[in-house]
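# Structure at a glance
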Amino acid sequence: MISVPDLHRRLTALNCRTVAIQAPEGLKRLLPRLADDLHRLGYEVIISGDPCYGACDLDLDARDQADILVHIGHTPVDGTERVIYETWPVDGDISVIKEVIPRLTGKEAGLVTTVQHIHLLSQAASLLLDEGIKPIIAGPSPRTPCRGQVLGCSFEAARRTGAQEIIFLGTGLFHPIGIKLATGARVFACDPVTGNIEEPDSDRLLRVRFGLIQKAREADSYGIIVSSKTGQCRSQLADRLCSLSDKAYKVVLGEVTPDQLLNLGFPCYVNTACPRLAYDDQVRFPAPVLTPGEFEILCGVRDFDHYEVDEII
Ligand code: SF4
């Protein structure tokens with residue numbers, strides 16, 4: 001829930017009169033109501049209608065038509081100016097963690113979550129302490145300003161715990177698998193909304209990725225995707241990857257879609273945009289889309305034994 005009076009105070013303090021508002025796809029339907037609330041307080045409001053998947057994807061065109069951009073649902077991943085952030089907390093039942101406790105082999109565990117459940121983290125830590133387990137919560141990192149926060153492109157808060165066993169409080173298996181690959185720790189995925197607990201298996205993902213690298217060996221040229229989005233652009237990395245092959249060309253894209261990759265016609269792509277694209281969306285793409293590390297394996301400058309999950313550091 002967004003507190004409109006609080007937002008009004010923040011906007012007044014910054015002397016803003018024209019406000020652009022942006023939300024990710026799942027929260028977009030909040031925007032007409034928020035626009036209405038702000039309009040009644042005297043603001044001129046511009047709604048960003050383009051797709052948005054994270055704070056890496058700020059609508060700077062909308063911002064530049066306003067005094068400020070209010071981005072809903074995420075925390076900042078960089079220092080882009082004239083943007084304020086409003087998170088969207090999602091409640092859940094942290095008692096799901098209790099079921100993990102008998103499965104822990106040690107007396108301490110790392111504790112991480114995503115931004116929508118950050119407000120549950122201190123309660124979860126207290127629950128672990130009450131059960132005799134020392135919770136380890138790492139401090140902020142450059143892309144994750146909250147303690148214990150992980151992103152699909154940054155598992156730094158998990159790595160910094162140094163723990164052998166890590167509890168992820170959140171939904172889905174992408175983050176837990178990423179944490180497992182990034183840390184080598186045993187990971188428990190505890191969903192505070194459904195009450196489900198899973199221990200993710202990263203081996204299946206590694207087998208799929210190995211198969212893709214093998215398939216990519218047939219390619220005679222490579223499109224190195226560089227994102228034009230504010231917080232996803234890894235141009236220097238793309239330059240370095242291009243230097244590994246004289247058949248690699250940088251391709252600048254905003255949205256990376258199957259149609260665009262089909263139209264461009266490369267037999268293989270390397271993704272330096274949002275790391276989730278290569279992992280989550282491969283089934284939709286017309287050609288192998290490798291991570292930067294996988295391209296290094298393909299080019300013989302890295303062993304598969306030293307596979308690293310892609311992160312934006
Ligand atoms: S780069 Fe991808 S994982 Fe990272 S914040 Fe953006 S959408 Fe999320």
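Further up the page is the structure itself.
Now for a look at the structure at hand. (Residues numbered from 1 in each chain as written. Predicted model: local features only at pLDDT ≥ 70, side-chain atom pairs only at ≥ 80, totals over all residues. Heavy atoms only, no water.)

## Describing the packing of helix H1 (residues 4–13) against helix H2 (residues 31–40)
Taken N-terminus to C-terminus, the directions of H1 and H2 make an angle of 60 degrees; their axes are 11 Å apart at the nearest point. Judged by the inter-axis angle, H1 sits oblique to H2. In the crossing of H1 with H2, the sense of the turn from one axis to the other is right-handed. Every residue of H2 that contacts H1 at Val 4, Leu 7 and Leu 11 is listed here: Leu 34, Asp 37 and Leu 38. Among the residues forming the contact of H1 with H2, the class breakdown is five nonpolar, no polar and one charged. (Axes fitted to C-alpha atoms, helices over the stretch in contact; angles between N-to-C directions. Helix = DSSP H or I, 4+ residues; strand = E, 2+ residues; numbered from the N terminus. Parallel < 35°, antiparallel > 145°, perpendicular 65-115°, else oblique. Left-handed = near helix turned anticlockwise from the far one by under 90°. Contact = heavy atoms within 4.5 Å. Nonpolar A, V, L, I, M, F, W, Y, C, P; charged D, E, K, R; others polar.)

## Remarks on the sheet that holds strand E6 (residues 134–136)
Taken together, five strands build an open sheet; the order of strands is E6-E5-E7-E8-E9 and the sheet is mixed. At either margin of the open sheet sits one strand with a lone partner, and together these are E6 and strand E9 (197–198). Across the face of the sheet, helix H4 (residues 121–130) comes into contact with strand E5 (108–113), E6 and strand E7 (165–169) while running at roughly 165 degrees to E5. Along the sheet, helix H6 (residues 174–183) contacts E5, E7 and strand E8 (186–190); its crossing angle with E7, the most-contacted strand, is approximately 155 degrees. (Pairing = 2+ DSSP bridges.)

## Overview of H6
Of all 10 residues in H6, seven are buried; the element is thus mostly enclosed. Within H6 the residues assigned to the buried category are Phe 174, His 175, Pro 176, Ile 177, Gly 178, Ile 179 and Ala 182. Tucked inside the fold, the buried residues of H6 contact E5, helix H5 (156–159), E7, E8, helix H7 (203–216) and helix H10 (275–280). The positive-phi residue at the C-terminal boundary of H6 is Gly 184, with phi of around 75 degrees. (Buried < 20%, exposed > 50% of the residue type's maximum accessible area, 1.4 Å probe, protein only.)

## Observations regarding the environment of Gly 26
Of note, Gly 26 is situated in the loop between strand E1 (18–22) and H2. Sequence separation between Gly 26 and Val 301 is 275 residues; the distance between their C-alpha atoms is 40 Å.

## Section: the packing of aromatic side chains
Counted under the stated rule, the structure contains five aromatic pairs. Aromatic pair Tyr 222 and Phe 295: ring centres 5.1 Å apart, planes at 65 degrees, arrangement edge-to-face. Of this pair, Tyr 222 sits in strand E10 (residues 222–227) while Phe 295 is found in helix H11 (residues 292–298), placing the two residues 73 residues apart along the sequence. Here the two residues Tyr 222 and Phe 295 agree in accessibility, since each one is buried. Taken together, a centroid distance of 5.5 Å and an interplanar angle of 55 degrees make the contact between Phe 304 and Tyr 307 tilted. Its relative accessible area of 24% is what places Phe 304 among the partly exposed residues. With relative accessibility at 12%, the residue Tyr 307 sits in the buried group. (Phe/Tyr/Trp six-rings, centres within 6.5 Å; stacked < 30°, edge-to-face > 60°.)

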